[in-house]
Amino acid sequence: MAQRVRKAVLPVAGLGTRFLPATKAMPKEMLTVVDRPLIQYAVEECLQAGIDEFVFVSGRNKVALEDHFDHAYELEMTLEQRKKAPELAETQGATIKPGNAIFTRQQKPLGLGHAVWCARHWIGREPFAVLLPDELTLDTPSCIGQLAQAHEKTGGSVVAVMDVPREQTKSYGIAAVKAEKNGLAEITGMVEKPRPEEAPSTLALIGRYVLLPEVFDHLDRHETGAGGEIQLTDAMAKMIGHSPFHALRYTGRRYDCGTRLGFLEANVAISLRRTDTKAESLALIERLMKG
C-alpha cells in the first residue's frame, strides 16, 4: 500500500528578476493575487490535499515569508480590539501550525534540483510533494491533491502535465508518455527544455510533483544539465523504469505567475471567481473596455 503524502517542498529562493523593481526588497512569492500572496495559494492547495508539513527552501531577503505564516500578535490584538472579526480570521488563517514549517536556505542558485535536494533531511525516506509557487492552480480536488490520489493508486511518482504549443517546449520539462487512460499515462522519458524540433511531445511539466524519495539518490550526485544547473527533471528521468512513474494530465485552471501577463491574468480570473469581488470586477472591466 502506498505511503500517504504528508510533506511538501516549496522552492522559494528565486530572485524574481522578471518583476523588478517590485521584487527588489520583497520576495516574488509575496506578490499578491487579489488579497493573498502567491505562496499562500500553494500552502492552501496542500492543506486541501491533507498535506500539512512544509519545507520552504529559501534564500536571502526572504524573511517576509516566515513572518507571513507566523502569528502577528500586535496586528491580531488590534483587530480584536476593533472587533474586526473577519479580518482577524483571515490573518490567523494564514498561520501554519507550530512545528509544521521548516525554513532552510539554498545558499547558491544551482537549480531546482539542488533546491529540492536541500530539503532531503527533513523529507527523509517518504514520498513528498513539490510545488512551484509561480504556478497557481485552481481545481477541486486541488492539483496536488489529484497527484496524491494518483500516487496512492500507482504507488509511484506522479507529475502534472499540460499541453503547450510546440514552440514553447524549450521553456519546460517535457514528458514522453504511453498508454494514457483517464488522464493518467506511464512516462517513458523526460527532458528539460528541449528544442521544439527535438521535444518528444508537447506535454509540459507545470510545477506540481509527487515524488518517491529515491529522487534524492540521483540529486546527491549534483550532476548539471540544461543551463549548467542541477535539474530536477534529469533526476526524475533516471527513476523511470525503476519504479512506477506517471503523468497526470491536469485539466483545471493554471496561471503562470512567473510572467507579468500570467500574473495579471491570475488576478483578473480569481477576482471574477470570488463572490465578494466578481460584480465589481466585471464593472471595472466593462469601464476599461469602453476606454
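Our subject is the structure listed above.
Procedures and definitions
Residues numbered from 1 in each chain as written. Predicted model: local features only at pLDDT ≥ 70, side-chain atom pairs only at ≥ 80, totals over all residues. Heavy atoms only, no water. Axes fitted to C-alpha atoms, helices over the stretch in contact; angles between N-to-C directions. Helix = DSSP H or I, 4+ residues; strand = E, 2+ residues; numbered from the N terminus. Parallel < 35°, antiparallel > 145°, perpendicular 65-115°, else oblique. Left-handed = near helix turned anticlockwise from the far one by under 90°. Contact = heavy atoms within 4.5 Å. Nonpolar A, V, L, I, M, F, W, Y, C, P; charged D, E, K, R; others polar. Buried < 20%, exposed > 50% of the residue type's maximum accessible area, 1.4 Å probe, protein only. Pairing = 2+ DSSP bridges. 1 Å grid on protein atoms, 1.4 Å probe; cavity = no way out; pocket = protein on both sides within 12 Å on 5 of 7 lines; lining within 4 Å. Points joined across faces, edges and corners; volume = space filled by probe spheres on them. Salt bridge = Lys/Arg side-chain N within 4 Å of Asp/Glu carboxyl O. Phe/Tyr/Trp six-rings, centres within 6.5 Å; stacked < 30°, edge-to-face > 60°. Core = buried A, V, L, I, M, F, W, Y, C linked by side-chain atoms within 4.5 Å. Disulfide = S-S within 2.5 Å.

A few words on the packing of helix α3 (residues 73-81) against helix α4 (residues 85-93). Two numbers describe a pair of packed helices, the interaxial angle and the distance between the axes. The geometry of α3 relative to α4 is characterised by a closest axis approach of 9 Å and an angle of 160° between their N-to-C directions. As far as their axial angle goes, α4 and α3 are roughly antiparallel. Helix-helix and strand crossings are classified by hand; for α3 and α4 the assignment is left-handed. Facing α3, whose interface residues are Leu-75, Glu-76, Leu-79 and Glu-80, α4 presents Glu-87, Leu-88, Thr-91 and Gln-92. Among the residues making up the contact of α3 with α4, the classes are represented as three nonpolar, two polar and three charged.

Across the nine residues of strand β11 (residues 203-211), nine count as buried, placing the element largely inside the fold. Relative to β11, strand β8 (residues 157-163) runs antiparallel, the two sharing five bridges. Residue pairing for β11: Val-159 is matched across the bridge by Tyr-209. Direction of pairing for strand β9 (residues 173-181) relative to β11: antiparallel, over a ladder of two bridges. Bridged to Ile-174 within β11 is Ala-204.

Another aspect to go through is empty space enclosed by the protein. Counting across every chain of the model gives two cavities of 30 Å³ or more. In this structure, the largest cavity occupies an estimated 50 Å³ of space. Taken together, His-218, Leu-219, Glu-223, Ile-230, Gln-231, Asp-234, Ala-235 and Lys-238 make up the full set of residues lining the largest cavity. The class makeup of the residues in the lining of the largest cavity is three nonpolar, two polar and three charged. The computed volume of the second largest cavity comes to approximately 30 Å³. Every residue lining the second largest cavity is listed: Val-161, Val-177, Glu-180, Gly-183, Ala-185, Leu-203, Ala-247, Leu-248 and Arg-249.

Further remarks concern the pattern of salt bridges. A complete count under the given rule lists 18 salt bridges for this structure. Ionic pairing is found between Glu-45 and Arg-208, a salt bridge with its closest N-O pair at 3.0 Å. Residue Glu-45 is located in helix α1 (residues 38-48), and its partner Arg-208 is located in strand β11; the two are separated by 163 residues in the primary sequence. Across the pair, Arg-208 and Glu-45 agree in class, each one buried. Connected through shared salt-bridge partners, Asp-35, Arg-36, Glu-44, Glu-90, Arg-274 and Asp-276 make up one network.

Right, let's get into the packing of aromatic side chains. Applying the stated rule across the entire model yields five aromatic pairs. Ring geometry for Phe-54 versus Phe-56: centroids 6.2 Å apart, planes at 35°, classification tilted. Overall, the relative accessible area of 2% leaves Phe-54 in the buried class. With a relative accessible area of 0%, Phe-56 lands in the buried category.

General note: in soluble globular proteins, nonpolar side chains tend to be found buried as a group. In terms of nonpolar packing, the biggest core is built from 32 residues, with Phe-128, Val-159, Leu-211, Val-215, Leu-219, Met-236 and Phe-245 touching the most fellow members. No other element matches the four residues that β11 contributes to this core. If we ignore the near neighbours within four places in the chain, the residues touching Leu-219 are Gly-113, Val-116, Trp-117, Ile-230, Gln-231, Leu-232 and Ala-235. One finds Ala-8, Ile-39, Ala-150 and Leu-184 within the second-largest nonpolar core, a separate group that totals 30 residues.

Glancing now at the state of the cysteines. Counted by the stated rule, this structure contains zero disulfides. Free of any disulfide, Cys-46 has its nearest neighbouring cysteine sulfur in Cys-143, separated by 10 Å. Residue Cys-118 stays outside any disulfide, its sulfur separated by 19 Å from that of Cys-46, the closest cysteine.

We now examine the layout of surface pockets. To find the voids left in a structure, one rolls a probe of water-molecule size over its atoms. The computed volume of the largest pocket comes to approximately 1,500 Å³. Taken together, 49 residues make up the lining of the largest pocket; nearest its centre are Gly-14, Lys-28, Leu-112, Leu-132 and Asp-134. Put simply, the parts of the chain that give the lining of the largest pocket at least two residues each are α5 (112-117), β11 and α9 (232-237). When residues in the lining of the largest pocket are grouped by element, the largest group, four residues, is from β11. Considering only residue class, the lining of the largest pocket consists of 20 nonpolar, 16 polar and 13 charged. Considering only enclosed or pocket space, the second largest pocket measures out at about 330 Å³ in volume. Taken together, 19 residues make up the lining of the second largest pocket; nearest its centre are Tyr-41, Glu-44, Gln-48, Thr-137 and Leu-138. Of all the secondary-structure elements, those providing two or more residues to the lining of the second largest pocket are α1, β7 (135-138) and α10 (260-273). Here the lining of the second largest pocket is built from residues that sort into seven nonpolar, four polar and eight charged.

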